[in-house]
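The lines below spell out each chain.
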Amino acid sequence: MHPVSPWVVASLLLLGAGTYSETSWKGVRQAVPEISRKDLEPTLGQGVLLGILGGLRTVVADATWLRSYVFWEKRDRAAAKH
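This structure is a prediction, so every number in the text was calculated from the model and none was measured.

Asker: Residues and numbers for the overall build of the protein chain, please.
Answerer: Check the secondary structure of the protein chain and you find 2 helices and 0 strands. In terms of overall dimensions, the protein chain is more spread out than a globule: its C-alpha atoms have a radius of gyration of 28 Å, far above the 12 Å expected for 82 residues. Expressed as lengths along the three principal axes of its C-alpha atoms, the size of the protein chain is roughly 80 × 55 × 15 Å. Considering the protein chain, the positive charge centre built from 10 side chains and the negative charge centre built from 7 side chains are found 9 Å apart.

As structure tokens, then:
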């Protein structure tokens with residue numbers, strides 16, 4: 001009896017998982033509603049606004065952290081001098 005290469009076993013498992021997921025998706029796909037352009041247009045402005053403000057939140061958080069670090073560093077230096 002020949003030993004089976006791990007690569008052959010892994011390939012067969014991946015092929016089986018891919019086939020199973022494809023058949024499962026075909027069954028689920030029928031129940032997923034389609035989103036048309038007409039349904040998407042009213043919410044487009046909200047998505048853009050949230051995207052811009054979402055990025056702004058991280059910038060404000062970084063700036064706040066840097067500012068507090070600088071204040072702490074100045075205070076720490078002043079305390080070390082005394």
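Asker: A description of the packing of aromatic side chains should follow, citing residues and the corresponding values.
Answerer: What describes a pair of aromatic rings is the distance from one ring centre to the other and the angle between the planes of the rings. Counted according to the given criterion, the structure contains 2 aromatic pairs. Between Trp65 and Tyr69, the aromatic rings sit 5.5 Å apart at their centres with planes inclined by 10°, giving stacked as the arrangement. Separated by 4 residues within a single helix, Trp65 and Tyr69 lie in helix H2 (residues 37-81), roughly one turn from each other. With a centroid separation of 5.6 Å and 40° between ring planes, the pair formed by Tyr69 and Trp72 is classed as tilted. In this pair, Tyr69 and Trp72 are both assigned in helix H2, 3 residues apart and thus about one turn of the helix distant. By relative accessible area, which is 38% here, Tyr69 ends up partly exposed. Grouping aromatic residues by their ring pairs yields a cluster made of Trp65, Tyr69 and Trp72.

What counts, and where the lines are drawn
- Residues numbered from 1 in each chain as written.
- Predicted model: local features only at pLDDT ≥ 70, side-chain atom pairs only at ≥ 80, totals over all residues.
- Heavy atoms only, no water.
- Helix = DSSP H or I, 4+ residues; strand = E, 2+ residues; numbered from the N terminus.
- Rg over C-alpha atoms; globule rule 2.2 N^0.38 Å.
- Lys, Arg positive; Asp, Glu negative; His and termini not counted.
- Charge placed at Lys NZ, Arg CZ, Asp CG, Glu CD.
- Phe/Tyr/Trp six-rings, centres within 6.5 Å; stacked < 30°, edge-to-face > 60°.
- Buried < 20%, exposed > 50% of the residue type's maximum accessible area, 1.4 Å probe, protein only.

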